[in-house]
Amino acid sequence: MTDTDDPTRTPELELRGIGKEFRSRSGSTHALSDIKLSIDRREFVSVIGRSGCGKTTLLRVIAGLTGPTSGEVVIGGRSLWRGKKVDSEVAGRFGVVFQDANLFPWYTVLDNIALPLTLRGTDRARRHARAAELAELVGLGGFERSYPRELSGGMRQRVAIARALSYQPKVLLMDEPFGALDAMTRERMNLELQRIAQTTEATVVFVTHDITEAVFLSDRVVHLSPRPGRIRQVRGVDIPRPRDRDAQSEPEFQRIVRELRHALDEEG
Amino acid sequence: MGQDRFVKLLPWFSTPVVIVLLVVAWELFIRAFGVSEFVLPSPGTVLVSLVALVQDPETWHHAAITATEAITGFLAAVVLGVATGVALGKSALLERALRPMIIAAQVVPKVALIPLFVIWFGFGLTSKIIMAAMLAFFPIMLNVLLGVRSVDPGQRDVMRSLTASRWNTFRHLEFKSTLPYVFTGMEVGIVFAIIGTIVGEYLGGSEGLGYLVVVSLNQLDGPQLFAVIVLLASLGLLLYFAINGLKRLVIPWHESVYSQNGVT
Ligand SMILES: Nc1ncnc2c1ncn2[C@@H]1O[C@H](COP(=O)(O)OP(=O)(O)OP(=O)(O)O)[C@@H](O)[C@H]1O
Ligand SMILES: [Mg+2]
């Protein structure tokens, strides 16, 4: 059933030769080509690569928002697509944080965070309690009753993160979630995300531009090269957890960062 | 904060000032050029006429007729406009098939049809209601159509990633996202409904403020003509602000409401 060496191990997420081509009137873009990747339960995998190399496309294919042109996405041993439709039971395990916050301007911060719970029929008191907890967690305590338009870009992004966490998804898919944050907040959110991933035992696929961030958070870093998006290399990060700020000054950490940076630079 | 409050309250001070200035200019203009009472009556005589009109129960009967026609026509336009707008917005095929007809119907000067309606439905309320509905229908329908088409793809992705049902997607996303467009359509629509009603009353019938305008004209009663126009303007403002108030109540989160409150 699995393509790993150990037959007892079922990977949480498997990409079996994913290819994606966008066709339009102006021609076709080969965004992804033959992506093979197997991600274990509770594993944290980052995807790095230059702008336009297909990171978002890969994440959307995994989330079932875009159908792959070829290949198969398998979650917990089940195929994500059933014919032309997404198996909603499989896709229901995902929590997605998009590159844009995509908040609903008609809902307050609290109701935005609670949206996934609302859809699942959780009662008002319970979902608001949970949302308030998460607002606190992402540093938005005191803004629960604000509307998105009253927030800064970084604050909106944090609401989107809280929203994705609200129903404790088994698999977190995050597309440059901290891109709009300042360095300080970003560092804090990185620590927080590490803690959340460990306590909720979530599997995480994390897209970022930032090599240091990728190495800090990940068990493995996937380097995607552009046109078409292919896996250039997969680099394991063997640094014990929990990692703190000081982990970044360790020689092993810096060696991995340097190695990845060189590989990215070589693309020119 | 003090600045915000000032900006918020500004119209309440500036509007009376502007009105007073206009009235003064009007009075001065008449005195300077000796304009005849029929062409442009003085503010004083208009006020006298207005007071007389307001005290006459007959006037209120006419006003009620005009309001009934405009509101009924407008409500019909809202129901039909929203239904058609949603249908056309949801079905690209239907929209494409009907587009030439819609454009044609929009371009036709609809007030030209009033004599037809009078022939078909008589001089009573019906022909005016239909006229009001017809004029109000297009801005509402077109705005709703635009609204349905304008649902943000990113927000759709959020609902899809949450495997939301169709009903939930409608309730939490499509409906809320289209509401501001419905209100924009209604704000334009109510004005059009009033125009339709008044033009309808000009052309046929024996009731309504539009009819009163025609009567005043035939009697060569300039001050009363002006006074009726003031009443019509007041009715228009009243209905417009009713819609506007409803909008503030229903979509307080929206940009247009937000900036209207001066908190920019
Ligand atoms: N809907 C689409 N239609 C056509 N082409 C697309 C579409 N989405 C993405 N592409 C193309 O696919 C390629 C990969 O885009 P993608 O958004 O995945 O890049 P990315 O790695 O996320 O970039 P960034 O880091 O800037 O976010 C680009 O060349 C882009 O033009
Ligand atoms: Mg991207």
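Residues numbered from 1 in each chain as written. Chains lettered and ligands numbered in written order. Predicted model: local features only at pLDDT ≥ 70, side-chain atom pairs only at ≥ 80, totals over all residues. Heavy atoms only, no water.

(A) Here's a closer look at the coordination of the magnesium ion (ligand 2). Coordination sphere of the magnesium ion (ligand 2), protein contribution only: A:Thr56 (OG1) and A:Gln99 (OE1), at 1.9 to 2.4 Å. Within this pair, whereas A:Thr56 is found in helix α1 (residues 55-63), its partner A:Gln99 is found in the loop between β8 (94-97) and α3 (109-119), the two being separated by 43 residues in sequence. (Donors = N, O, S within 2.8 Å, 3.2 Å for Na, K, Ca; no water. Helix = DSSP H or I, 4+ residues; strand = E, 2+ residues; numbered from the N terminus.)

(B) Broad picture of the nonpolar core. Membership of the largest hydrophobic core comes to 84 residues, with the highest contact counts inside it found for A:Leu15, A:Phe94 and A:Leu173. For A:Phe94, the contacting residues outside a window of four places in its chain are A:Ile62, A:Ala63, A:Ile75, A:Leu80, A:Tyr167, A:Pro169, A:Val171, A:Leu173 and B:Ser161. Formed by 45 residues, the second largest nonpolar core is a distinct cluster that contains A:Ala101, A:Leu103, A:Val109 and A:Leu193. (Core = buried A, V, L, I, M, F, W, Y, C linked by side-chain atoms within 4.5 Å. Buried < 20%, exposed > 50% of the residue type's maximum accessible area, 1.4 Å probe, protein only. Contact = heavy atoms within 4.5 Å.)

(C) A look at the interface of chain B and chain A. Across the boundary between the two partners, chain B contributes 19 residues, which contact 25 residues of chain A. Between chain B and chain A, a total of about 2000 Å² is buried, with carbon and sulfur atoms accounting for 63% of that surface. The tally of links from chain B across to chain A stands at 1 salt bridge. Note that B:Asp157 and A:Arg60 form a salt bridge whose closest N and O atoms lie 2.6 Å from each other. One can count 6 residue pairs in polar contact (both at pLDDT 80 or more) joining chain B with chain A. (Buried area = accessible area lost by both parts, 1.4 Å probe. Salt bridge = Lys/Arg side-chain N within 4 Å of Asp/Glu carboxyl O. Polar contact = N/O pair within 3.5 Å; in protein donor to acceptor, adjacent residues only side chain to side chain.)

(D) A look at the sheet that holds strand β5 (residues 78-79) of chain A. Residue and element names in this part refer to chain A. The antiparallel open sheet is built from 4 strands, whose spatial order is β2-β1-β4-β5. Of all the strands in the sheet, the pair left with one neighbour each is β2 (27-39) and β5. Both strand β1 (residues 13-24) and strand β4 (residues 70-75) contribute to a ladder of 5 bridges, which runs antiparallel. Bridged to Glu14 within β4 is Val74. Lying on the sheet, α1 is in contact with β1, β2 and β4; it crosses β1 at an angle near 115°. (Pairing = 2+ DSSP bridges. Axes fitted to C-alpha atoms, helices over the stretch in contact; angles between N-to-C directions.)

(E) Fine view of helix α6 (residues 183-200) of chain A. Residue and element names in this part refer to chain A. Helix length check: α6, at 18 residues, gives a terminal C-alpha distance of 25 Å against a target of 26 Å (1.5 Å per residue), a fit within 8%. For α6, the complete set of buried residues consists of Thr185, Arg186, Met189, Asn190, Glu192, Leu193, Gln194, Ile196 and Ala197. Turning to α6, the residues buried within the fold contact β3 (44-48), α4 (124-137), α5 (153-165), β9 (171-175), β10 (203-207) and α7 (211-217). Immediately downstream of α6, the backbone of Glu201 shows phi near 55°, a positive value. (Expected span 1.5 Å × (residues − 1).)

(F) Inspection of the pattern of salt bridges at higher detail. Residue and element names in this part refer to chain B. One pass over the full model with this rule turns up 26 salt bridges over all chains. Of the charged contacts, one joins Lys90 and Glu174 as a salt bridge, the two residues approaching to 3.2 Å between their closest N and O atoms. Note that Lys90 is positioned in helix α3 (residues 57-90) and Glu174 in helix α8 (residues 166-203), a separation of 84 residues in sequence. On the basis of relative accessible area, Glu174 is assigned to the buried category, the value being 13%.

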